[in-house]
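# Descriptive analysis of the structure
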Amino acid sequence: MVQLVGPLRKELADSLSTCKVLVVGAGGIGCELLKNLVLTGFKNIEVIDLDTIDVSNLNRQFLFQKKHVGKSKAQVAKESALTFCPTANITAYHDSIMNPDYNTEFFRQFILVMNALDNRAARNHVNRMCLAADIPLIESGTAGYLGQGLTECYECQPKPTQKTFPGCTIRNTPSEPIHCIVWAKYLFNQLFGEEDADQEVSPDTADPEAAWNPEDTAARATASEKDGDIKRVSTKEWARSTGYDSVKLFHKLFKDDIRYLLTMDKLWKKRKAPTPLDWHQLWNSGPKEESVGSGLKDQQVLSVWGLCKMFQHSVETLRTMLQEKGEGAELVWDKDDAPAMDFVTAAANLRMHIFSMNTKSRFDVNHGGNIIPAIATTNAIIAGLIVLESLKILSGELESCRTIFLNKCPSLRKKLLVPCILDPPCANCYVCASKPEVTVKLNVHKTTVLCLQDRILKERFGMVAPDVQIEDGKGTILISSEEGETDANNHKFLTDFGIRNGSRLQIDDFLQDYTLLVNVLHTEELERDVEFEVVGEAPDKAPPPQPNKEEVNSVTNGNKDSAQPSTSSKAPADDDDIMIVESDEEGASSSSAAAAAAPSSGTKRRHSDAETGESSIKRLRMDQSGAAAAPTNDDDDDDDDIIALD
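Bear in mind that the values here come from a model prediction, so they are computed numbers and not experimental data.

Conventions used here
- Residues numbered from 1 in each chain as written.
- Predicted model: local features only at pLDDT ≥ 70, side-chain atom pairs only at ≥ 80, totals over all residues.
- Heavy atoms only, no water.
- Core = buried A, V, L, I, M, F, W, Y, C linked by side-chain atoms within 4.5 Å.
- Buried < 20%, exposed > 50% of the residue type's maximum accessible area, 1.4 Å probe, protein only.
- Contact = heavy atoms within 4.5 Å.
- Helix = DSSP H or I, 4+ residues; strand = E, 2+ residues; numbered from the N terminus.
- Pairing = 2+ DSSP bridges.
- Right-handed = clockwise from strand over helix to strand, strands pointing away.
- UniProt positions renumbered as here; feature names shortened; annotations may be inferred.
- Patch = residues over 30% accessible without salt bridge, like charges linked within 9 Å, V, L, I, M, F, W, Y side chains within 5 Å.
- Areas by Shrake-Rupley, 256 points an atom, 1.4 Å probe, with all protein chains shown as cover.
- Salt bridge = Lys/Arg side-chain N within 4 Å of Asp/Glu carboxyl O.
- Lys, Arg positive; Asp, Glu negative; His and termini not counted.
- Charge placed at Lys NZ, Arg CZ, Asp CG, Glu CD.
- Axes fitted to C-alpha atoms, helices over the stretch in contact; angles between N-to-C directions.
- Phe/Tyr/Trp six-rings, centres within 6.5 Å; stacked < 30°, edge-to-face > 60°.

## Looking at the nonpolar core
Core analysis: the biggest nonpolar cluster contains 52 residues, and Trp183, Phe192, Phe250, Phe254, Phe311 and Phe343 have the highest contact counts within it. In contact with Phe343, other than residues within four places in its own chain, are Ala184, Leu187, Phe188, Leu191, Phe192, Phe311, Ser314, Val315 and Leu318. Formed by 45 residues, the second largest nonpolar core is a distinct cluster that contains Val38, Val47, Ala81 and Leu385.

## A few points about the environment of Pro7
Assignment of secondary structure puts Pro7 in the loop between β1 (4–5) and β2 (8–9). The exposed category is assigned to Pro7, whose relative accessible area is 76%. Spatially, the C-alpha atoms of Pro7 and Thr40 are 9.3 Å apart, while their sequence positions differ by 33 residues.

## Digging into the pairing of strand β3 (residues 20–24)
Burial of β3 is extensive: four of the five residues sit out of reach of the surface. Where β3 and strand β4 (residues 44–48) come together, five bridges link them in parallel fashion. Paired with Val24 across the bridge in β4 is Ile48. For the segment spanning β3, helix α2 (residues 28–40) and β4, crossover handedness is right-handed. The sheet contact formed by β3 and strand β6 (residues 112–115) spans four bridges and is parallel. Bridged to Val21 within β6 is Leu112.

## So, the UniProt feature "binding site: Zn(2+)" (unreviewed entry) in the protein chain
According to UniProt, the feature "binding site: Zn(2+)" (unreviewed entry) maps to Cys153, Cys156, Cys429 and Cys432 in the numbering used here. In summary, the annotated positions, though distributed over 280 residues, converge in three dimensions, the widest C-alpha pair being only 8.5 Å. Cys156 sits in the buried class, given a relative accessible area of 6%. Mapped onto the elements, Cys432 comes out in the loop between β9 (417–420) and β10 (437–442).

## Concerning a negative patch on the surface
On the surface, a cluster of negative charge is contributed by Glu194, Glu195, Asp196, Glu237 and Glu330. Structurally, Glu195 can be placed in the loop between α7 (177–192) and α8 (214–217).

## Focus: the environment of Gly41
Summarising the element assignment, Gly41 is placed in the loop between α2 and β4. Those residues in contact with Gly41 that lie beyond four places of it in its chain are Leu16 and Ser17.

## Some points on the pairing of strand β14 (residues 514–522)
Examined bridge by bridge, β10 and β14 share six bridges and lie parallel to one another. Of the residues in β14, the one forming a bridge with Val440 is Val520. Pairing geometry for strand β13 (residues 504–509) and β14, over six bridges, is antiparallel. The residue of β14 that forms the bridge with Asp509 is Tyr514. Counting the residues that bridge the hairpin from β13 to β14 gives four residues, and of these Asp513 lies at a positive phi of roughly 50 degrees.

## Side note on unusual backbone geometry
What is expected of a backbone is that most residues other than glycine have negative phi and most peptide bonds are trans. Even without a glycine there, the phi angle at Asp134 is positive, about 60 degrees. Positionally, Asp134 belongs in the loop between α5 (120–133) and β7 (137–141).

## Regarding the sheet that holds strand β12 (residues 477–479)
What the six strands build is an open sheet, ordered β12-β11-β13-β14-β10-β15; its pairing is mixed. Bordering the open sheet on either side are β12 and β15 (532–534), each of which pairs with just one other strand. Pairwise comparison of adjacent strand axes, ignoring direction, gives a mean angle of 30 degrees for this sheet. The pairing of β10 with β15 spans three bridges and is classified as antiparallel. Considered in β15, the bridge of Val440 is made with Val534. Contacts between helix α16 (residues 449–460) and the sheet are confined to β10, β11 (466–470), β12, β13 and β15, with β12 contributing the most and set at about 65 degrees to the helix.

## Examining the packing of aromatic side chains
On inspection of all chains with the given rule, the structure shows 19 aromatic pairs. An aromatic cluster is defined as three or more aromatic residues linked by ring pairs; in this entry it consists of Trp183, Phe188, Phe192, Tyr244, Phe250, Phe254, Trp279, Trp283, Trp305, Phe311 and Phe343.

See below:
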């Protein structure tokens, strides 16, 4: 007769009380997950998060209260979770999981790792650390549906990448609402947050399409007689000099800068020219009271004067918030902060109107710019799914692990959850293959060593501290992870080191226990603003998993309404706690969060043995019942970057 401890078999309950698990992230999903784990019976938990609690977190991260604002998320989450189970042993780290202190030996002490992260770089890093340590990883959240071991690792398939636009398009010639939304968020940071030279919002005089002579036409950029005179100073410096006067800011951004753009004659030969706005004219001609339409407030499209008032009120509120923080303080963009969202909505819509686009509601700006709000119910559902998958792993029922999509709307058969079987690993994966290898197309005469290190190896391939050796018969060290050793190489071009078409680079990241062979393919035909390309990569769309028909039927009670949701090119890469997908069956876009777990066998990434020259398979990590396990699943916490959508 089976013995039960609560709803669990005694053997499983005993396993939960003794196994040690790691939760990476203590935000939206992390809070729900930590609470679920202690209530399920997990007794030994370590949680790590670098973030501190903000007031905007309180509406969905229920382990936090107002008195906790400014404190460590990990520490407060631990203290709150202990109120549910005082006998649990929880260790909290206020730190980044990418800190070198958390090496493979750190990861090997856990039976299971659960991600609750808010950016892809960290998720990629944890994926590699778990591969190196042979530890099961559960991933959940945005684009987090890939497995590990006998199933795909998190990086087996390319994820939907954040679509970016040339700076001159954002600053000079926006043609889509998303261009204006991105510009408005850049503007928020330029005025109130941390300035970034790559997010400048003033007209770009270096636009190659303009090809104008400033000396001949500058006189035509007649600035406002009194306010907002155009100066080539930083936007924040200018705003501070005006005391963040909302009317002066309005004239600078929506009148004088637009007049300046009109002097770039060639920009408007094939485009409709923008129309500057004047605050005083709008005041004299516009309705003084905004008519209230039907429907929710956030879904109403405001008049131009209504947008002006929203802009004015949000600037004044943000100015007060900045002053309260003290001299030199900065505001951090948060989609859940009403004044910040109002500012972006007003600024984006005013710019849309100037460039003859239809204006949008606050709701449309929120979602059209992929500033997707974190949803408490989504967090709770996904956290519950993570625990269910973890119970399968600890029970040794690896064959029953599933990727589970939570759709925004029910399917035709009234289903919200769509379980899908896990796919096998990709033979060409540059992370979990036995000999990871990629081909990178670039111009060796224009690509610097620093670009190779930062843009290609760290940013694109997710490495932390790469060492690069040229396979030239001499073992030339191009990049060293030891500080200062190869700094002299940074601004030299690859061709200066004899790197040419067909050269091979051996890359090692000691921290990640990761080796990658890079084949260099020289080209002089890259598109404008493109520094390199990964050959064979489809960055705009993550291929949809292909479910086995028999398996799909078995997990959906015989119904045929569970067409596998495929990740759309519109899916945000590093979103909050949800993912936008398209249902092939329903032909409509749906919001989805995914929780996935996958079994592991001895097919993990293998490294060559330095002495024998042969590859050795890493040891299997066995759970306490003797079952080999290695699932992965991903969870986004509360990232809020604007991601441009097609």
